[in-house]
Amino acid sequence: MEHAGPGRVETGSEDAQIVVSGVSHVYRPKHGRQVLALDDINLTVRRNEFVALLGPSGCGKSTLLYLTGGFLPVEQGTICVLGETVRKPGPDRGIVFQHFALFPWKTVRANVMYGLERKGVPRREAEVRAAEILVQVGLKGFEDSYPSQLSGGMRQRAAIARTLVLDPATLLMDEPFGALDAQTRNLMQIELLALWRRSPKAVVFVTHDVHEAVYLAERVVVMSARPGRIKAIVETGIDRSDPEFVKSRAFVEKVDEIWHLIHEEDGKAAP
Ligand SMILES: Nc1ncnc2c1ncn2[C@@H]1O[C@H](COP(=O)(O)OP(=O)(O)OP(=O)(O)O)[C@@H](O)[C@H]1O
Ligand SMILES: [Mg+2]
């Protein structure tokens, strides 16, 4: 077992893509209760590393992604992405939201092209890139459909395509495959790994599915129940060159090890 303890910080390392140092986050809604969502998070994601983030519901996984994406202000601690302190959203960081939203008045193609056009990519090139990514997520033939005409899983894939097409250096994905059936999910996992190999980038991938985490990630970060802290970081160390690797003993044991770490947190969330 190689569980790195919490608090191990490698700030400023050349090898680091995301450095989260001493980050806590309190939600203070105008109405309703204050919640300490994250408590002193220290985490380094290495250059072009694929990390999965797991933990019980309400432990702050989405919060950590929003902070890294610049969608919530970092009030305590710091987050650096490629050496820059995060203060606001930026094109270097692409995010697939847990509760994704598409522009309902735009077609699938127009939704996917939107970010490219905002970046100033010429229309013709944007069309080609949108068409390619829509094939990869299995939406060929639905380019002219509107989101309301798609199933939930298809909408989710359109939202993923919209972020992937921008090819950001840092990709933040919040339960992106949650609404997909098992078979589509597996196809999307294969596509995502292929894309990550073709176009290296750091990926932080939030999931509740331990199997998915071990399948995709080089390291799995397990968070404790609210307030979220880092409980353990597990290197998966899986040799993915074997096409049957999911059946290997190493894979099955890793899933089991992480499953136990997560279930130790059951019923522990602070009120
Ligand atoms: N806008 C908000 N206002 C007040 N409290 C919030 C808000 N958003 C989240 N919280 C609180 O912060 C905690 C962390 O929420 P977050 O959405 O980050 O959890 P999560 O790990 O992503 O959960 P899930 O697995 O269910 O998506 C929750 O316990 C919730 O009570
Ligand atoms: Mg969440």
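Nothing here was measured: the structure is a model prediction, and the numbers come from that model. (Residues numbered from 1 in each chain as written. Chains lettered and ligands numbered in written order. Predicted model: local features only at pLDDT ≥ 70, side-chain atom pairs only at ≥ 80, totals over all residues. Heavy atoms only, no water.)

Let us look at the domain arrangement of the protein chain. When cut into domains, the protein chain gives domain 1 (1–92 + 172–271) and domain 2 (103–167). Distance from the C-alpha centre of domain 1 to the C-alpha centre of domain 2: 26 Å. If you look at the interface, domain 1 gives 15 residues, while domain 2 gives nine residues. Counting across the domain 1 and domain 2 interface gives one salt bridge. In this structure, K201 engages D167 in a salt bridge whose closest nitrogen and oxygen atoms are separated by 2.5 Å. Across the contact surface, domain 1 and domain 2 share five residue pairs in polar contact (both at pLDDT 80 or more). The element best represented in the side of domain 1 that touches domain 2 is helix α5 (residues 182–198), accounting for six residues. The class makeup of the residues in the side of domain 1 that touches domain 2 is eight nonpolar, three polar and four charged. (Domains from an automatic or database assignment. Contact = heavy atoms within 4.5 Å. Salt bridge = Lys/Arg side-chain N within 4 Å of Asp/Glu carboxyl O. Polar contact = N/O pair within 3.5 Å; in protein donor to acceptor, adjacent residues only side chain to side chain. Helix = DSSP H or I, 4+ residues; strand = E, 2+ residues; numbered from the N terminus. Nonpolar A, V, L, I, M, F, W, Y, C, P; charged D, E, K, R; others polar.)

Turning our attention to the pairing of strand β1 (residues 16–27). For β1, the tally of buried residues reaches nine of 12 residues, placing the bulk of the element in the interior. Pairing of β1 with strand β2 (residues 35–46) involves eight bridges; the strand directions are antiparallel. Within the sheet, the bridge partner assigned to V19 lies in β2 and is T44. Note: β1 against strand β4 (residues 76–81), five bridges, orientation antiparallel. Bridge pairing in β4 places V19 opposite C80. (Buried < 20%, exposed > 50% of the residue type's maximum accessible area, 1.4 Å probe, protein only. Pairing = 2+ DSSP bridges.)

On to the nonpolar core. A general tendency of soluble globular proteins is for nonpolar side chains to be buried together. One finds F50 and I258 to be the most contacted residues of the largest nonpolar core, which totals 52 residues. Among the elements that line this core, the one with the most residues is helix α4 (residues 152–164), at six residues. Residues lining this core come from more than one domain, with at least three contributed by each of domain 1 (1–92 + 172–271) and domain 2 (103–167). The residues contacting I258, other than those within four sequence positions of it, are L54, V210, V214, V220, V222 and V234. (Core = buried A, V, L, I, M, F, W, Y, C linked by side-chain atoms within 4.5 Å.)

For the rest of this paragraph, the subject is the packing of helix α2 (residues 108–118) against α4. It is at 7 Å that the axes of α2 and α4 come closest, and there the two elements cross at 30 degrees. By the angle between their axes, α2 is roughly parallel relative to α4. In the crossing of α2 with α4, the sense of the turn from one axis to the other is right-handed. In this structure, α2 uses V108, N111 and V112 to contact α4, whose residues at the interface are A158, A161 and R162. Per-class residue counts for the contact of α2 with α4 are four nonpolar, one polar and one charged. (Axes fitted to C-alpha atoms, helices over the stretch in contact; angles between N-to-C directions. Parallel < 35°, antiparallel > 145°, perpendicular 65-115°, else oblique. Left-handed = near helix turned anticlockwise from the far one by under 90°.)

Now for the sheet that holds strand β5 (residues 84–85). Across the sheet, four strands lie side by side as β2-β1-β4-β5; this open sheet has antiparallel pairing. This sheet does not close on itself; its edge strands, each paired only once, are β2 and β5. Contacts between helix α1 (residues 61–69) and the sheet are confined to β1, β2 and β4, with β1 contributing the most and set at about 120 degrees to the helix.

Take the sheet that holds strand β3 (residues 50–54) next. Ordered by their spatial adjacency, six strands build an open sheet running β6-β7-β8-β3-β9-β10, and the pairing between neighbours is mixed. At either end of the open sheet lies a strand with only one pairing partner, and these are β6 (93–96) and β10 (230–235). Adjacent strand axes in the sheet meet at a mean angle of 15 degrees when their direction is disregarded. Summarising the sheet, β3 and strand β9 (residues 219–223) pair through four bridges and their orientation is parallel. For A52, the partnering residue across the bridge sits in β9 and is V220. Along the sheet face, α1 touches β3, β6, β7 (170–174), β8 (202–206) and β9 and points at about 150 degrees away from the line of β7.

So, on to the site of ligand 1. The immediate surroundings of ligand 1 are formed by 15 residues, with S57, G58, K61, T63 and R226 found nearest. Within the backbone of G58, an N or O atom sits 2.8 Å from an oxygen atom of ligand 1. Protein coverage of the free-state accessible area of ligand 1, which is 640 Å², stands at 69%. Among the elements of the structure, β2 and α1 are those that each provide at least two residues to the shell around ligand 1. Grouping the amino acids of the shell around ligand 1 by side-chain chemistry returns five nonpolar, seven polar and three charged. (Near = heavy atom within 4 Å. Areas by Shrake-Rupley, 256 points an atom, 1.4 Å probe, with all protein chains shown as cover.)

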